Each structure stands twice: as structure tokens, then as C-alpha cells.
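The chain contents come next:
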Amino acid sequence: MSLRTAGIVLMVIFWSVTGQDYGVTYTTHSICALKGSTVELSCTYKYPKKDKVTSTFWFTRKDSRGKFVSLRDDDDYKSRVKYNNDEPESRKTTEKRHFLTIGGVRESDSAKYMFRFITSSNKYFGNTGIRLSVSGLQVTFPSTVIEGQGVSLTCSPTCPLTDNSKLSYIWYKNGHLLTNEHNDLNLHTVIGDADNYSCAVKGREMLRSPEFTLNVRCVQFHILYFVILQQHLFN
Ligand SMILES: *[C@@H]1O[C@H](CO)[C@@H](O)[C@H](O)[C@H]1NC(C)=O
């Protein structure tokens, strides 16, 4: 066999081992979930029928020796994660589905999650991964609030939630519960004081937005001041 032929043969062998027979496809690119909720990530992975899978796991990082750390061996996760394998066999390659469930997600769980599988003859991971963003709540409001006028405050997650089932909201004014259950809070006429507002999701009262102070601009005072100033200037 000439060197050239040998090279081609080697390349073909290499291709068939590392090529398209192995793969990981994630069911989505990104997920935004509310802090404290349970999320499920999944992917399908495939390998040639003659090969045998010896290990499957999800990871976000490598350890100091460069080894991928399974979430089940990671102190930050191990009590909250579950792995699940689904096994529909297909003809030429073996294609399987794998699920990762993380309970009680924290802001520190925001990361890219990747799936790895090891077979008798190969090691493989899908580097596109699924990006998880863990959301808190925020109160948004107009930049200027004028005394005597109405104002609408909005409570929303810090990223658009993937699971868009309807949520009930709770509002607090100076720490006291208000009756409104919508994500909008309409105040008809605001006066004077700098009241503090925050919001939460019903059933998840532990997850509260930071307090926001509604600073009301007293417009009458400015007009009065302007009138006095003008009189002063033109006299
Ligand atoms: C709102 O919060 C600020 C800062 O924490 C505090 O100084 C102020 O007294 C609060 N206002 C009311 C009406 O409770």
C-alpha cells in the first residue's frame, strides 16, 4: 500500500469513528426560568449500533485537572439534579434522549449546560449546549412621576420566561400587602410621599423584587417657583 493510499484509508477510518455517526442535538438553545422553579433540559444523542455507551452526564465546567464534572458529582448541584434516559432504538445508529432536571434553580445556576457521553471506543460532547438564565423580578416604572397624575408600575421577570404559563402577582407598598394580582399596578393619583413598592409571584412569596421608591415630582412647586422667578426678573 502506498503512503498516499494508507493516508486515505486512515482518513476514512478516522471519519467513520469521529464523523456524523456520533452527535448531540439539544432540544433548545436557551431557557429562562424563574428563581426557585424546576427546569428540564434535554437532548438526543446518537452513536453507531456496534458501539456501547458506558457513561452519560451533564456538565457546566471542568475541574482543575481538566476533567468534565458531572452535575451529580458537583457539590453545588448534586442534591438538586436528576438524570433520565429514554431509549427508543433506531435502525442504523442508536439514538437516545437524555433529560436533566434541576430543582430550585438559583441565580448562580445561570450557565451553559452540555451533555457528554462516553462509549467503548469514543468520547463525545455537544458544545452548543443549552444556556440557562435564572430570573428574578423587577419593578419598572416611568422615569418621571408627576403629583396628581396616574402612574402604572409593572412587575416582570428579568428575562422572558420560557414557560409562559400565567402567573399571579402580589404587590407590596411599604412592606404591606396590596390586593392587586396583575403584573401591572395602576395608581390613580399619586401624592407627595416617597412610597416603596415591590412585587412577588403568588405562591413564591420568597422571591420578591427589590424595593423601588416612587419619587413623585411636585409640579405645582416648580410652576410657582418659575412664576416668582419671572416676576423677579421682569420687575
Ligand atoms: C422607603 O425606603 C427608603 C429607603 O429604604 C426609606 O428611607 C423610606 O423611609 C421608605 N419610605 C416609606 C414611606 O416607608
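The rules behind the values
Residues numbered from 1 in each chain as written. Predicted model: local features only at pLDDT ≥ 70, side-chain atom pairs only at ≥ 80, totals over all residues. Heavy atoms only, no water. Helix = DSSP H or I, 4+ residues; strand = E, 2+ residues; numbered from the N terminus. Pairing = 2+ DSSP bridges. Axes fitted to C-alpha atoms, helices over the stretch in contact; angles between N-to-C directions. Salt bridge = Lys/Arg side-chain N within 4 Å of Asp/Glu carboxyl O. Buried < 20%, exposed > 50% of the residue type's maximum accessible area, 1.4 Å probe, protein only.

Novice: Can you help me understand unusual backbone geometry in this one?
Specialist: Negative phi characterises most residues that are not glycine, and trans characterises most peptide bonds. One non-glycine residue, Asn-174, lies in positive phi territory at about 45°. Locating Asn-174 in the fold gives a position in the loop between β12 (169–173) and β13 (176–177).

Novice: Help me understand the sheet that holds strand β14 (residues 184–187), please; the structure alone is not making it clear to me.
Specialist: Sheet strands pair via backbone hydrogen bonds, and the direction of the pair is either parallel or antiparallel. Here 3 strands make up an open sheet; going across it, the order is β10-β11-β14 and the pairing antiparallel. Each edge of the open sheet is held by one strand with a lone partner, namely β10 (137–140) and β14. Adjacent strand axes in the sheet meet at a mean angle of 15° when their direction is disregarded. In the sheet, strand β11 (residues 151–157) pairs with β14 via 4 bridges, with the strands oriented antiparallel. When the bridges of β14 are listed, Leu-153 appears paired with Leu-185.

Novice: Please explain the pattern of salt bridges as it appears in this structure.
Specialist: Pairs can form between side chains of opposite charge once their charged atoms are near each other. Across all of its chains, the model carries 7 salt bridges by this definition. Note that Arg-65 and Asp-63 form a salt bridge whose closest N and O atoms lie 3.5 Å from each other. On the accessibility criterion, Asp-63 (21% relative accessible area) is partly exposed. Across the pair Lys-202 and Glu-181 runs a salt bridge, and its minimum N-O distance is 2.7 Å. With Lys-202 in the loop between β15 (195–201) and β16 (204–208) and Glu-181 in the loop between β13 and β14, this pair connects stretches of sequence that are 21 residues apart.

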